[in-house]
Amino acid sequence: MKYSLTVIIPAYNEERTVRQAIQRVLQAKTGISGKEIIVVNDGSSDKTLIKIKSVKSDRIRVINKTINEGKGAAIRDGLKIAKGNIFVIQDADLEYDPTEYVRLIKPILDNKADVVYGSRFMGNGAHRVLYFWHMLGNQFLTLIANILTNLYLTDMETCYKVFTKEVAKKLYLKESRFGFEPEFSIKVAKMGSRIYEVGIGYSGRSYAEGKKITWKDGLITLWCLFKYSIN
């Protein structure tokens, strides 16, 4: 089977980093000949759209949304127009390194996996040391996800989720914001997907540098875990 890759980049008020993030994705080796990049400007109020359009490449497609609807909605919009048969979710904030793509995609190319998570907690690569309570909250939410799915994930909340077109067709995603992460995890477990994890590096941001997720998003994640486990 011939594979092609679609990288979906949701971007909301990321004028400082989005241009560099796109350039890194363009330069990243994947082990696949075809690669398209869909950048979703999610109603940004800064110069994010200008920075996106400043990167010139026929591999980039831009969705410009006038209202901020959230990461989940941006991913849904990207999937609707995606041409690839393997998908990667990439944040625009430089916390995750596109040079990891080769390793993340390999289990799918080897026909071992349908879904691959890039785990920040498997000990591979350099990690910036930041927030203890964020780490603890992440591990708690991952534990609940594992209890509800009978999986043994180490990092349910990771940005790096790689999955096939066949999986995408069955997801029927509903969550518009950070509820995407638990919804995705519960649904791929329910459909019996072959799930792998690959250790990755992580260069986390501080709140002063633009980090957006808060404890409120943790509560929404917890609610969504239970919501989709019983639906």
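The present account deals with the structure reproduced in this document.

Definitions and cut-offs
Residues numbered from 1 in each chain as written. Predicted model: local features only at pLDDT ≥ 70, side-chain atom pairs only at ≥ 80, totals over all residues. Heavy atoms only, no water. Helix = DSSP H or I, 4+ residues; strand = E, 2+ residues; numbered from the N terminus. Rg over C-alpha atoms; globule rule 2.2 N^0.38 Å. Buried < 20%, exposed > 50% of the residue type's maximum accessible area, 1.4 Å probe, protein only. Contact = heavy atoms within 4.5 Å. Areas by Shrake-Rupley, 256 points an atom, 1.4 Å probe, with all protein chains shown as cover. Lys, Arg positive; Asp, Glu negative; His and termini not counted. Charge placed at Lys NZ, Arg CZ, Asp CG, Glu CD. Salt bridge = Lys/Arg side-chain N within 4 Å of Asp/Glu carboxyl O. Core = buried A, V, L, I, M, F, W, Y, C linked by side-chain atoms within 4.5 Å.

1. Structural notes on the overall build of the chain
Per the secondary structure count, the chain includes eight helices and seven strands. A compact globule built from 231 residues should have a C-alpha radius of gyration of about 17 Å, and the chain, at 16 Å, falls within 12% of that. When the backbone C-alpha atoms are referred to their principal axes, the chain occupies close to 45 × 45 × 35 Å. Put simply, the chain has 231 residues, and 53% of those count as buried. Across the chain, every contact between residues at least 6 apart in sequence was considered, and the portion connecting residues at least 24 apart equals 78%. For the chain, the exposed surface amounts to about 11200 Å²; the carbon and sulfur share of it is 56%. Side-chain charges in the chain split into 36 positive and 24 negative, and the spacing between the mean points of these groups amounts to 4 Å.

2. A few points about the pattern of salt bridges
Taken as a whole and assessed by the stated rule, the structure comprises 13 salt bridges. Put simply, Glu 181 and Lys 161 hold a salt bridge, and the shortest N to O gap is 2.5 Å. Within this pair, whereas Glu 181 is found in helix α7 (residues 180–190), its partner Lys 161 is found in strand β6 (residues 161–164), the two being separated by 20 residues in sequence. When its relative accessible area of 3% is taken as the criterion, Glu 181 is described as buried. One salt-bridge network, held together by shared partners, links Lys 65, Glu 69, Asp 77 and Lys 80.

3. Some details on helix α3 (residues 71–81)
Turn by turn, an α-helix covers 3.6 residues, leaving residues three or four places apart pointing in a common direction. For α3, the buried fraction is high: eight of the eleven residues fall into the buried class. Looking at α3, one finds that the buried residues are Lys 71, Gly 72, Ala 73, Ala 74, Ile 75, Asp 77, Gly 78 and Leu 79.

4. Digging into unusual backbone geometry
At Asn 13, a position not held by glycine, the phi torsion is positive, near 50°. Within the secondary structure, Asn 13 sits in the loop between β1 (4–11) and α1 (18–27). According to the relative accessible area criterion, Asn 13 is partly exposed, its value standing at 24%. At Asn 111, a position not held by glycine, the phi torsion is positive, near 60°.

5. Quick notes on the nonpolar core
One recurring pattern in soluble globular proteins: nonpolar side chains tend to sit buried together. Within the largest apolar cluster, 61 residues are counted, with the highest numbers of intra-cluster contacts made by Ile 22, Tyr 101 and Phe 163. If you tally residues by element for this core, the top one is β1, at five residues. When residues no more than four places from it in sequence are discounted, the contact partners of Phe 163 are Leu 79, Asn 85, Ile 86, Phe 87, Ile 89, Ile 108, Asp 114, Val 115, Ala 168, Leu 171 and Phe 184.

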